Amino acid sequence: MAELKADVLVLGAGMVGVSAALHLQEDGRDVILVDRHEVAGEETSYGNAGVIECASVFPYMFPRDFKQILQYALNRSPQVRYRISDLPDFLPWILRYYLASSPARAMHSAMAVLPLIRQSLAEHEALIAEAGAGELLQRCGWLKLHRSEASLAKAAAEAARARQYGVVSEILDAKQIARREPHLTGDFVGAIHFPTPGFVSDPGALAKAYAALFKRKGGRFAVADARTLVQETGGWSVGEPGNRATAREVVVALGPWSDLVFRPLGYSIPLGIKRGYHLHLKPRGNAVLNHPVLDSDLGYLIAPMNQGIRLCTGAEFARRDAPARPRQLELALPRAHKLFPLGEAIEAKPWMGARPCLPDMLPVIGQAPRHPGLWFDFGHQHHGLTLGPVTGRLLAEMMTGKTPFADPRPFAAERFG
Ligand SMILES: Cc1cc2nc3c(=O)[nH]c(=O)nc-3n(C[C@H](O)[C@H](O)[C@H](O)COP(=O)(O)OP(=O)(O)OC[C@H]3O[C@@H](n4cnc5c(N)ncnc54)[C@H](O)[C@@H]3O)c2cc1C
């Protein structure tokens, strides 16, 4: 990379970093996007379920229902599992997550992120049009299947609550499900269809299409280890002597690895992770899946990706770098085979990634409290594909002195003291 100079370095070329780079570029900044990989979208932004979740106005908070907590604690829930040996590492974080999930605080988080969620699909659509990546977006929404009257009734009540905030949904009976998804089989009593969210049939390719657009518009990409970041007179640099990128400002958009940069700088932001797995399988015969489908009571999701049917798991609490243990995937596989005609697995080994989460399920966006020129844009939890472009816009507006389109204060790092 030799010696490069720019206005801004964006560390991390996942959906969040690439989107921030594009918005900063749009606002007239010369930007260098930095990643340890040679191309964008190789990590968490590759492996997600592909849903641009503009219907998800209530973030995934820690449950308050005793029966559900007990099920999680016994490590028997397919939706959530944990590695007992890692418990001492993540228990303090879980406690903070629990405290941040009181009804009042959960509502605060929901209302803080609502303007971003509402704008999320429109921001993607604008970038997708500019990037010429229209074939990657489907406007099919997604289906949430329920196998008991009780769980359907609970979901219907949640959908009714979300309707107050403009979320469109339709309750389907078994016949209506069969019309929309003729190849599903199972003893479900009904489903909720959220028709508005977008579905991206290859989220890694979308991040790459955005990175290609960034380069076409004059942006530069550099391969370097973000842990080499140092503050210098008048700016920041990454890389080694003779192979460095320097800029006045720097954005930390390293997703689940963001702590590797903010911690050495003295910030104790409680970034936790929820790991997740996926595996692609071939559909059998002429079977077609038309939407991402969450088998809600059994805790997994299948989505019709370009690579095959992507089977995604719920959350696993473990150290980020602990070896993979895809027990949830093993549990989900026979269930998914009963739900949809699945053939052989496409990969030998499942993919594993980590959702970067703060206890209040809000990202950290804004200026670092004690370092001029240092900005944060990480912690997009279950919704980093959804929120990447819209938080990129918010960050760029803050960095360039524009009036932010939404109140950025709930996302400030200062909320953690
Ligand atoms: C199973 C699963 C399903 C999901 N489903 C959805 C969904 O349907 N919809 C949705 O909106 N979200 C979903 N998510 C969440 C979403 O994928 C994440 O929130 C999002 O990808 C985070 O993006 P990011 O850019 O912050 O992180 P990443 O995509 O992980 O990007 C971080 C980048 O930092 C780079 N990096 C790391 N360390 C260094 C270093 N030392 N030096 C240089 N570069 C470095 C990495 O190479 C990577 O490119 C899901 C997540 C999982 C795990």
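Please refer to the structure placed before this passage.
Residues numbered from 1 in each chain as written. Predicted model: local features only at pLDDT ≥ 70, side-chain atom pairs only at ≥ 80, totals over all residues. Heavy atoms only, no water.

Right, let's get into the overall build of the chain. A tally of helices and strands in the chain yields 11 helices and 22 strands. Here the chain has a C-alpha radius of gyration of 21 Å; the compact-globule value for 417 residues is 22 Å, and the two agree. Along the three orthogonal principal directions, the C-alpha set of the chain runs to about 65 × 45 × 40 Å. Taken across its 417 residues, the chain has 58% of its residues classed as buried. Taking all contacts inside the chain whose residues are at least 6 apart in sequence as the whole, residues at least 24 apart take part in 78%. Surface accessibility of the chain: about 17,200 Å² in total, with carbon and sulfur atoms responsible for 56%. (Helix = DSSP H or I, 4+ residues; strand = E, 2+ residues; numbered from the N terminus. Rg over C-alpha atoms; globule rule 2.2 N^0.38 Å. Buried < 20%, exposed > 50% of the residue type's maximum accessible area, 1.4 Å probe, protein only. Contact = heavy atoms within 4.5 Å. Areas by Shrake-Rupley, 256 points an atom, 1.4 Å probe, with all protein chains shown as cover.)

So, on to the nonpolar core. As a rule of thumb, nonpolar side chains are buried together in soluble globular proteins. With 71 residues, the main nonpolar core has Val10, Leu206, Tyr210 and Val251 as its most contacted residues. Here the element with the most residues in this core is helix 5 (residues 103-131); it accounts for 9 residues. Residues within four places of Tyr210 in sequence aside, it is in contact with Met15, Val18, Ser19, Leu22, His124, Leu127, Ile128, Ala131 and Pro389. With 31 residues, the next largest nonpolar core counts Val238, Val261, Ala368 and Ala413 among its residues. (Core = buried A, V, L, I, M, F, W, Y, C linked by side-chain atoms within 4.5 Å.)

Taken together, 31 residues surround the ligand, and among them Asp35, Thr44, Ser45, His382 and Thr386 come closest. Between the ligand and the protein, one listed contact pairs an oxygen atom with a side-chain N or O atom of Ser45 at 2.5 Å. One of the side-chain nitrogen or oxygen atoms of Asp225 is found 3.0 Å away from a nitrogen atom of the ligand. Its free accessible area being 1,000 Å², the ligand has 97% of it covered by the protein chains. When residues of the shell around the ligand are traced back to their parent elements, those giving at least two are helix 1 (15-26), helix 2 (44-47), strand 20 (351-357) and helix 11 (384-399). The dominant element in the shell around the ligand, judged by the number of residues it contributes, is helix 11, at 3 residues. Considered class by class, the residues forming the shell around the ligand number 12 nonpolar, 14 polar and 5 charged. (Near = heavy atom within 4 Å. Polar contact = N/O pair within 3.5 Å; in protein donor to acceptor, adjacent residues only side chain to side chain. Nonpolar A, V, L, I, M, F, W, Y, C, P; charged D, E, K, R; others polar.)

Looking at the secondary structure, you find Gly276 in strand 14 (residues 272-283). Residues Gly276 and Trp375 lie 99 residues apart in sequence; the distance between their C-alpha atoms is 27 Å. Ignoring any residue separated from it by four or fewer positions in sequence, one finds Gly276 in contact with Thr313, Gly314, Trp351, Met352, Gly353 and Arg355.

Together, Phe66, Leu70 and Leu74 give the surface a local cluster of nonpolar side chains, amounting to about 320 Å² of exposed area. Mapped onto the elements, Leu74 comes out in the loop between helix 3 (66-73) and strand 4 (80-82). (Patch = residues over 30% accessible without salt bridge, like charges linked within 9 Å, V, L, I, M, F, W, Y side chains within 5 Å. Salt bridge = Lys/Arg side-chain N within 4 Å of Asp/Glu carboxyl O.)

Next up on the list: the side chain of Gln328. Following the sequence through the fold, Gln328 ends up in helix 10 (residues 327-339). At 3.4 Å, the side chain of Gln328 forms a polar contact with the backbone oxygen of Gln79. Here the side chain of Gln328 touches Ala315 through a polar contact of 3.0 Å, landing on its backbone oxygen.

Before going further, it helps to spend a moment on the environment of Pro88. Relative to the helices and strands, Pro88 is located in helix 4 (residues 87-99). For the pair formed by Pro88 and Arg319, sequence separation is 231 residues and the distance between their alpha carbons is 10.0 Å.

What follows covers the sheet that holds strand 5 (residues 137-138). Spatially, the 3 strands line up as an open sheet ordered 3-9-5, and their pairing is antiparallel. Each having just a single partner strand, strand 3 (51-52) and strand 5 make up the two edges of the open sheet. Looking at chain direction, strand 3 and strand 9 (residues 198-200) are connected through 2 bridges and run antiparallel. Bridge pairing in strand 9 links Val51 to Phe199. (Pairing = 2+ DSSP bridges.)

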